[in-house]
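# Tertiary structure, described
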Protein chains: 6
Amino acid sequence: MKIITISRTENFSASHRLYSEKLSAEENENTYGKCANLGGHGHNYTLIVTLKGIPDSKTGMVFSLSELKSIIRREIIDKVDHKNLNSDVPFLKAVIPTAENLASVFFDILDDQLPNNMLQEVRIIETTKNSAAVRRA
Amino acid sequence: MKIITISRTENFSASHRLYSEKLSAEENENTYGKCANLGGHGHNYTLIVTLKGIPDSKTGMVFSLSELKSIIRREIIDKVDHKNLNSDVPFLKAVIPTAENLASVFFDILDDQLPNNMLQEVRIIETTKNSAAVRRA
Amino acid sequence: MKIITISRTENFSASHRLYSEKLSAEENENTYGKCANLGGHGHNYTLIVTLKGIPDSKTGMVFSLSELKSIIRREIIDKVDHKNLNSDVPFLKAVIPTAENLASVFFDILDDQLPNNMLQEVRIIETTKNSAAVRRA
Amino acid sequence: MKIITISRTENFSASHRLYSEKLSAEENENTYGKCANLGGHGHNYTLIVTLKGIPDSKTGMVFSLSELKSIIRREIIDKVDHKNLNSDVPFLKAVIPTAENLASVFFDILDDQLPNNMLQEVRIIETTKNSAAVRRA
Amino acid sequence: MKIITISRTENFSASHRLYSEKLSAEENENTYGKCANLGGHGHNYTLIVTLKGIPDSKTGMVFSLSELKSIIRREIIDKVDHKNLNSDVPFLKAVIPTAENLASVFFDILDDQLPNNMLQEVRIIETTKNSAAVRRA
Amino acid sequence: MKIITISRTENFSASHRLYSEKLSAEENENTYGKCANLGGHGHNYTLIVTLKGIPDSKTGMVFSLSELKSIIRREIIDKVDHKNLNSDVPFLKAVIPTAENLASVFFDILDDQLPNNMLQEVRIIETTKNSAAVRRA
């Protein structure tokens, strides 16, 4: 038995600041270090979305990559690219924008727009050194 | 318990055209868009082959990477590199050359040449944005 | 004195075949090797365009990167992406599509669309191993 | 005659907003588009510093890469990494933080810390598509 | 159910030689080829460490990436960077330094320093073509 | 007037140690730091060779990339790949193997094998952060 997946990569550039209202100023500083800088900082984020399925016998495709691209851009990229993730994005308002939280929120949004159980993984690459992924168990 | 894998990457450059004989001209256009261009287009493909196993106690190797390289080149690269995937490759004659179909056909060919159940995954990277993978379940 | 440049990168995927009408069949084979394959092959090309100038004191920009992107896409990418460079592109009809020839033709086209003497270099990356560049002397 | 250079790459992540006080609100919008977003956005910047010289006959080095790294980190990276380039960096206070302006300001700062005429180029890569460089004429 | 992971990448440069005391000179030559060169050779290694967990509701983090970085540097990088893996590293003394063996030893060392069952995978990228990974089953 | 160049990239993996016989033990330590480690260390080196010329009107090529590849492999790669640069390479015997010295020696060797004045630049990338280049003035 073979498991077949396809992946689509999109990019966005955004600013953010790591800060938790549930922590004191000192705890925020200890927890997030330079990421807690009041004026924020930013990243070129890479978003990789993976779908699982069986290639359609007529088209040879698990899912249309061009449709997947449209969904990712409409639901995610258009709302986060060149934005401040702390203040500009309605669906991130109550979310501390760590890579793992971003991946988790994006997973839920994309899962709603895709055929049942097709979404397999959402990966966020924040820098060449840091990344996070959310995968269907 | 630990699962140990090794991966070998090879590259090839090829042209292809996405077109299905089971679809009308209009359906082909709607399904594949610019990928259906009659004169074709092409990519620098990256092929990543992953094997699973236990490192041999004498050699410290799951499998010889140099032998794996030879198998991949002999069975796949020599037959697809600098070729037209629609017309020049016997084992792709009846295959719509999407990334997921290429990965699936390559998986079967390589699986036949490797020790039983050792092949774990074949990944095809078509562009910096599109890729597909076939994994043993 | 400082020389200031900005660069914009765009990508396209295309097929091509290296073949010269001025050479015999045997000379073509000897000159281009596997690149002369009758069915063609293809690449993910990277195009890097560099402009030279003085940042405008009001905007801090040598030239608008967003306008540069539009010019590159309109004049080059829209005409070569997902195309066969031998047969589908009017301005390449009489051109052997080596990387150096592509860079040279693209240089002339872009030079006509940009302020006088601003275009500094056009670079074409054909694979991770081969590239070419045309630079204003 | 041979010209010999060495290059050192460092990275930083920062937020910024493109906005000019010399332009009206409408002109800012027209000039900078989504880069003018009030809440800002951000990038993972790559900074490449190139020095020109003759390798010392005793050490084989044009300049100590480890000393160059220290100078770049002390003078630039420590002051811009995980910062807001519009508000947090004293030497950027009056500067519109385009890539070409950043490269130009960094060039002057580093030039002051290095042996006479040794600094050859400062390059800023803002995204995989946009970059700028300042070179000694 | 979602599985959430974070990954941290670190780099090191080291020399090594593949040679097994359990093999004859001829077998070593046949097994390792040019990797058995008596004077050794070397690589820029990339080490990717992946942890699995649930983001903490107060911090939004599976684990502090800054603490993970400290652990990786203290336990691994400081001991292998700019070293000879055959002779300079106590915990590799009895180990043939193939990528799969390195990943396996590093996995055990890091697993001891991290919360129970949190370490998910250790990946070693030896060249752009060869890599190995050890994953918790 | 346009200047046209083509570039070919090749890779090699080697070990080295930075140490100068003209320096005392203490000076070596101060000059080279961890690079002076007695057991050596190593890198995946990238070598980029650039030629300048006019594309031939019959072939569209400045120089055959396949011939250039053969020359680079025969003269350089075959002699340094999977070697110890301090002890295994005759033409590096009296050379401190810094990136700038390697680039300079390789430049002279390749220049002898290529048409007069065609070799424009030899670039050595030692790590993602350090590189050196030698260019014809």
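None of these values were measured; they are calculated from a predicted model.

Each helix and strand counted, chain A has 3 helices and 5 strands in total. For chain A, buried positions account for 61% of its 137 residues. Of the contacts formed within chain A by residues at least 6 apart in sequence, a portion of 66% connects residues at least 24 apart. Carbon together with sulfur atoms contributes 48% to the accessible area of chain A, which is approximately 5800 Å² in total. Each charge class in chain A can be summarised by its mean position, and for the 17 positive and 17 negative side chains these summaries are 7 Å apart.

Once that is clear, we can look at the packing of aromatic side chains. Counted by the stated rule, this structure contains 18 aromatic pairs over all chains. Centre to centre, the rings of Phe12(A) and Phe106(A) are 6.2 Å apart; their planes meet at 65°, and the pair counts as edge-to-face. Taken together, the residues span a long stretch of sequence, with Phe12(A) in strand β1 (residues 2–16) and Phe106(A) in helix α3 (residues 99–113) at a distance of 94 residues. Both residues of the pair, Phe12(A) and Phe106(A), belong to the buried class. Between Phe91(D) and Phe106(D), the ring centres sit 6.3 Å apart and the planes meet at 85°, which makes this aromatic pair edge-to-face.

Right, let's talk about the interface of chain C and chain F for a bit. Taken together, the contact pairs 23 residues of chain C with 22 residues of chain F. Buried area between chain C and chain F, both sides added, is near 1900 Å², and the carbon and sulfur share of it is 47%. Its largest share of buried area at the contact with chain F, chain C owes to Glu100(C), Lys129(C) and Arg135(C), together 34% of the area lost on that side. A salt bridge links Glu10(F) to Lys129(C); the shortest N-O distance between them is 3.8 Å. The interface formed by chain C and chain F contains 13 residue pairs in polar contact (both at pLDDT 80 or more). If you tally residues by element for the side of chain C that touches chain F, the top one is strand β5 (residues 130–136) of chain C, at 7 residues. As judged from the 7 bridges shared by β5(C) and strand β1 (residues 2–16) of chain F, these two strands associate in the antiparallel manner. Across the sheet, Arg135(C) pairs through a bridge with Ile3(F), a residue of β1(F).

With that settled, the discussion passes to the interface of chain A and chain D. Reports often express the size of an interface as the amount of accessible area lost when the parts come together. Between chain A and chain D, the contact holds 19 residues from the first and 19 residues from the second. Summed over both partners, the interface of chain A with chain D buries about 1400 Å², with 45% contributed by carbon and sulfur atoms. When the area that chain A buries against chain D is broken down by residue, the three leading residues are Lys34(A), Asn44(A) and His82(A), summing to 38%. Lys34(D) is the salt-bridge partner of Asp81(A), the closest N and O atoms lying 3.0 Å from each other. The tally of links from chain A across to chain D stands at 19 residue pairs in polar contact (both at pLDDT 80 or more). Sorting the residues of the side of chain A that touches chain D by element identifies β1, β2 (41–52) and β3 (83–84) of chain A as the ones contributing at least two each. Sorting elements by how many residues they give to the side of chain A that touches chain D places β2(A) first, with 4 residues. Tallied by class, the residues present in the side of chain A that touches chain D amount to 2 nonpolar, 12 polar and 5 charged.

All names here are of chain D. Of all 12 residues in strand β2 (residues 41–52), 10 are buried, a share of seventy percent or more. Here β2 runs beside strand β4 (residues 119–125); their pairing, made up of 6 bridges, is antiparallel. Counted as the bridge partner of threonine 50 is glutamate 121 from β4.

For the rest of this paragraph, the subject is the confidence of the model for chain A. On average, residues of chain A score 97 in pLDDT, and 100% of them reach the 70 mark or higher. Overall fold confidence for the complex sits at a pTM of 0.97, while the interface term, ipTM, reaches 0.96.

It is worth spelling out the environment of Val95(B) at this point. Residue and element names in this part refer to chain B. Counting through the fold element by element, valine 95 comes out in the loop between β3 (83–84) and α3 (99–113). Sequence separation between valine 95 and serine 20 is 75 residues, and the spatial gap between their C-alpha atoms is 9.0 Å. Not counting the four nearest positions on each side in its chain, valine 95 is found in contact with Asn101 and Val105.

Attention now goes to the packing of helix α2 (residues 65–80) of chain A against α3(A). Residue and element names in this part refer to chain A. Packing of α2 against α3 leaves a shortest axis separation of 9 Å and a crossing angle of 150°. By the angle between their axes, α2 is roughly antiparallel relative to α3. As for how α2 packs across α3, the hand of that crossing is right-handed. Of α3, the residues touching α2 (which contributes Ile71, Ile72, Arg74, Glu75, Ile76 and Val80) are Phe106, Ile109, Leu110 and Gln113. Residues of the contact of α2 with α3, tallied by class, amount to 7 nonpolar, 1 polar and 2 charged.

Right, let's get into the relation of the copies chain C and chain F. Its rotation angle being 120°, the transformation that places chain C on chain F also includes 0.0 Å of axial translation and leaves an RMSD of 0.0 Å. The transformation relating the two chain copies, once decomposed into turn and shift, fits a three-fold axis. Distance from the rotation axis, computed per C-alpha, reaches its smallest value in chain C at Ala137(C): 8.1 Å.

The transform that puts chain A on chain D rotates by 180° and translates by 0.0 Å along the axis, for an RMSD of 0.0 Å. Each copy turns onto its partner about a two-fold axis. Looking at chain A, 100% of its interface residues are interface residues in chain D too, so the copies touch through the same face.

This next bit is on the pattern of salt bridges. Taken as a whole, this structure holds 48 salt bridges over all chains when the rule is applied. Where Asp108(B) meets Lys2(A), a salt bridge forms, and the shortest distance between an N and an O atom there is 3.0 Å. Placement of Asp108(B) in helix α3 and of Lys2(A) in strand β1 is noted, with the two residues assigned to different chains. Looking at Asp108(B), the relative accessible area reads 39%, which means it is partly exposed. Glu75(F) serves as the salt-bridge partner of Arg74(F), at 3.0 Å between the closest nitrogen and oxygen. Since its relative accessible area comes to 43%, Arg74(F) is described here as partly exposed. One salt-bridge network, in which partners are shared between bridges, spans Arg8(A), Glu10(A), Arg73(A) and Lys129(B).

With that settled, consider helix α3 (residues 99–113) of chain E. Over its 15 residues, α3(E) extends 21 Å from the first C-alpha to the last, a length consistent with the 21 Å expected when each residue adds 1.5 Å. Burial analysis of α3(E) places 11 of its 15 residues in the buried class, the great majority of the element. All buried positions along α3(E) are accounted for by Ala99(E), Glu100(E), Asn101(E), Leu102(E), Ala103(E), Ser104(E), Val105(E), Phe106(E), Phe107(E), Ile109(E) and Leu110(E). Those residues of α3(E) that are buried lie in contact with β1 (2–16) of chain B together with β1 (2–16), β2 (41–52), α2 (65–80), β4 (119–125) and β5 (130–136) of chain E.

So, about the environment of Pro55(F). By the element assignment, Pro55(F) lies in the loop between β2 (41–52) and α2 (65–80). C-alpha of Pro55(F) to C-alpha of Asn84(F): the two residues are 29 residues apart in sequence and 38 Å apart in space. Every residue in contact with Pro55(F), bar those within four places of it in the chain, is listed here: Glu100(C), Asn101(C), Ile4(F), Gly60(F), Met61(F) and Val62(F).

Here we take up unusual backbone geometry. Not every positive phi belongs to a glycine, and Asn117(A) is a case in point at roughly 65°. Relative to the elements of secondary structure, Asn117(A) occurs in the loop between α3 and β4 (119–125). Phi at His82(D) is positive, roughly 60°, even though this residue is not glycine. Structurally, His82(D) can be placed in the loop between α2 (65–80) and β3 (83–84). Classification of His82(D) as buried rests on a relative accessible area of 9%.

The next thing to look at is the pairing of β4(D). Residues and elements named next belong to chain D. Burial runs high along β4: 5 of the 7 residues are buried. Examined bridge by bridge, β4 and strand β5 (residues 130–136) share 5 bridges and lie antiparallel to one another. Bridge pairing links isoleucine 124 to alanine 132 in β5. Between β4 and β5, which follow one another and run antiparallel, lie 4 residues.

Calculation notes
- Residues numbered from 1 in each chain as written.
- Chains lettered and ligands numbered in written order.
- Predicted model: local features only at pLDDT ≥ 70, side-chain atom pairs only at ≥ 80, totals over all residues.
- Heavy atoms only, no water.
- Helix = DSSP H or I, 4+ residues; strand = E, 2+ residues; numbered from the N terminus.
- Buried < 20%, exposed > 50% of the residue type's maximum accessible area, 1.4 Å probe, protein only.
- Contact = heavy atoms within 4.5 Å.
- Areas by Shrake-Rupley, 256 points an atom, 1.4 Å probe, with all protein chains shown as cover.
- Lys, Arg positive; Asp, Glu negative; His and termini not counted.
- Charge placed at Lys NZ, Arg CZ, Asp CG, Glu CD.
- Phe/Tyr/Trp six-rings, centres within 6.5 Å; stacked < 30°, edge-to-face > 60°.
- Buried area = accessible area lost by both parts, 1.4 Å probe.
- Salt bridge = Lys/Arg side-chain N within 4 Å of Asp/Glu carboxyl O.
- Polar contact = N/O pair within 3.5 Å; in protein donor to acceptor, adjacent residues only side chain to side chain.
- Pairing = 2+ DSSP bridges.
- Nonpolar A, V, L, I, M, F, W, Y, C, P; charged D, E, K, R; others polar.
- pLDDT = per-residue confidence, 0-100.
- Axes fitted to C-alpha atoms, helices over the stretch in contact; angles between N-to-C directions.
- Parallel < 35°, antiparallel > 145°, perpendicular 65-115°, else oblique.
- Left-handed = near helix turned anticlockwise from the far one by under 90°.
- Least-squares fit on C-alpha atoms with pLDDT ≥ 70 in both.
- Expected span 1.5 Å × (residues − 1).

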